[in-house]
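Examining the three-dimensional arrangement
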Amino acid sequence: MTGEMKQWLRYRHSGATGFGTLTSSGISVHEGEMFGRHAATGKMLALSEVELLAPCAPSKIVALWNNFHALAAKLNQPEPPEPLYLLKATTTITTPGAVIRRPSYYDGKTTYEGELGIVIGRTCARVSPAEADHFIFGYTCVNDITANDILTRDPTFPQWARAKGIDDYGPFGPVIATGLDPAKLVVRTILNGAERQNYPISDMIFTAQELVSRISHDMTLLPGDLIAVGTSVGVGVMKEPVNTVTVAIDGIGELTNEFRL
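Notes on the structure follow. (Residues numbered from 1 in each chain as written. Predicted model: local features only at pLDDT ≥ 70, side-chain atom pairs only at ≥ 80, totals over all residues. Heavy atoms only, no water.)

To continue, consider the overall build of the chain. Along the backbone of the chain there are 4 helices and 19 strands. Radius of gyration (C-alpha) of the chain: 18 Å, near the 18 Å computed for a compact globule of 261 residues. Overall size of the chain, expressed as C-alpha extent along the three principal axes, is 55 × 45 × 30 Å. Counting across all 261 residues of the chain, residues that qualify as buried make up 50%. Look at the contacts in the chain between residues 6 or more apart in sequence, and 71% of them connect residues 24 or more apart. (Helix = DSSP H or I, 4+ residues; strand = E, 2+ residues; numbered from the N terminus. Rg over C-alpha atoms; globule rule 2.2 N^0.38 Å. Buried < 20%, exposed > 50% of the residue type's maximum accessible area, 1.4 Å probe, protein only. Contact = heavy atoms within 4.5 Å.)

Below you can see the structure in the form of structure tokens.
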């Protein structure tokens with residue numbers, strides 16, 4: 001959806017879940033439904049008063065592979081004629097700021113992948129690229145964490161769903177920003193204080209609108225569904241016992257989580 005630039009979020013306050021918009025004064029509390037009818041109540045909350053949640057609760061997470069010209073060239077991979085994607089378990093969702101732990105049974109490599117996320121705002125099926133913006137609510141930051149050694153260790157079957165489906169391996173947020181042109185955005189990923197990724201969304205093989213259109217011809221997209229558009233060069237392994245990872249996109253904000261081995 002196009003329109004006024006706002007930053008939407010969800011929170012827990014005094015045991016109850018709520019949503020609203022981020023302002024210079026704090027959170028403007030809303031009532032109703034984020035993806036339906038809603039209105040500001042006039043109440044304000046300070047960020048320090050609340051626990052931030054993932055900004056929506058998707059029914060599914062669609063994650064793209066090989067969707068950037070630069071990464072395809074680096075990997076010497078052909079650019080795909082259609083979007084290549086997998087579904088990531090919704091139990092991978094965790095909150096901005098959460099501590100994420102590698103499973104006790106796994107001692108292999110784990111990588112960060114800083115990405116832009118598309119959040120759907122209206123039920124969307126078989127739409128054209130020209131129509132897609134009417135069904136996009138906004139955009140968010142995603143860290144598509146991957147257990148790489150699980151992905152490739154069986155030569156007969158790449159385990160995409162399992163490698164990317166571990167609990168808490170899909171943080172996103174902290175907000176959903178509306179009114180942005182995704183083609184003008186730049187994704188940066190900072191690992192333990194060092195910038196590791198800095199790439200433009202304009203380098204995508206399939207634009208945000210093309211992704212929504214193509215995927216909506218395969219499956220109906222529902223309000224709150226998340227499309228992680230894929231990552232570009234600079235993906236790396238989190239090697240320290242404690243790793244701080246920030247995915248930063250101007251206009252959206254910074255998603256920071258701690259990953260512990």
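In this structure the tally under the stated criterion is 6 aromatic pairs. Between Phe 68 and Tyr 199 the ring centres are 5.0 Å apart and the planes differ by 80°, which places this aromatic pair in the edge-to-face class. With Phe 68 in the loop between strand S6 (61–65) and helix H1 (69–75) and Tyr 199 in strand S15 (residues 194–200), this pair connects stretches of sequence that are 131 residues apart. In this structure Phe 68 comes out as buried when scored by relative accessible area, which is 0%. Aromatic side chains Tyr 169 and Phe 259 sit 6.0 Å apart centroid to centroid with 70° between the ring planes, which places their arrangement in the edge-to-face category. (Phe/Tyr/Trp six-rings, centres within 6.5 Å; stacked < 30°, edge-to-face > 60°.)

Quick look at the pairing of strand S10 (residues 114–120) now. In regular strands, side chains alternate between the two faces of the sheet. Burial runs high along S10: 7 of the 7 residues are buried. Across the two faces of S10 the burial is the same, with Gly 114, Leu 116, Ile 118 and Ile 120 and Glu 115, Gly 117 and Val 119 all buried. As judged from the 7 bridges shared by S10 and strand S11 (residues 136–143), these two strands associate in the antiparallel manner. Bridge pairing in S11 links Gly 117 to Thr 140. Strand direction decides the pairing type here: S10 and strand S16 (residues 226–228), joined by 3 bridges, are antiparallel. Among the inter-strand pairings, Gly 117 is bridged to a residue of S16, identified as Ala 228. (Pairing = 2+ DSSP bridges.)

Further remarks concern the sheet that holds strand S9 (residues 110–112). Strand pairing in a sheet takes place through backbone hydrogen bonds and is either antiparallel or parallel in direction. The strand order across the open sheet formed by 3 strands is S12-S9-S17, and the pairing between neighbours is antiparallel. Strand pairing shows two members of the sheet lacking a second neighbour, strand S12 (146–147) and strand S17 (236–237), which therefore form its edges. In the sheet, S9 pairs with S17 via 2 bridges, with the strands oriented antiparallel. By the bridge assignment for S17, Thr 111 is matched with Val 237.

In total, this model carries 7 salt bridges according to the counting rule given. Between Asp 225 and Lys 60 there is a salt bridge, and its shortest N-O distance comes to 2.8 Å. With Asp 225 in the loop between helix H4 (208–218) and S16 and Lys 60 in the loop between strand S5 (51–53) and S6, the pair connects residues that are 165 residues apart, well separated along the chain. Here Asp 225 and Lys 60 have matching classes, each one buried. (Salt bridge = Lys/Arg side-chain N within 4 Å of Asp/Glu carboxyl O.)

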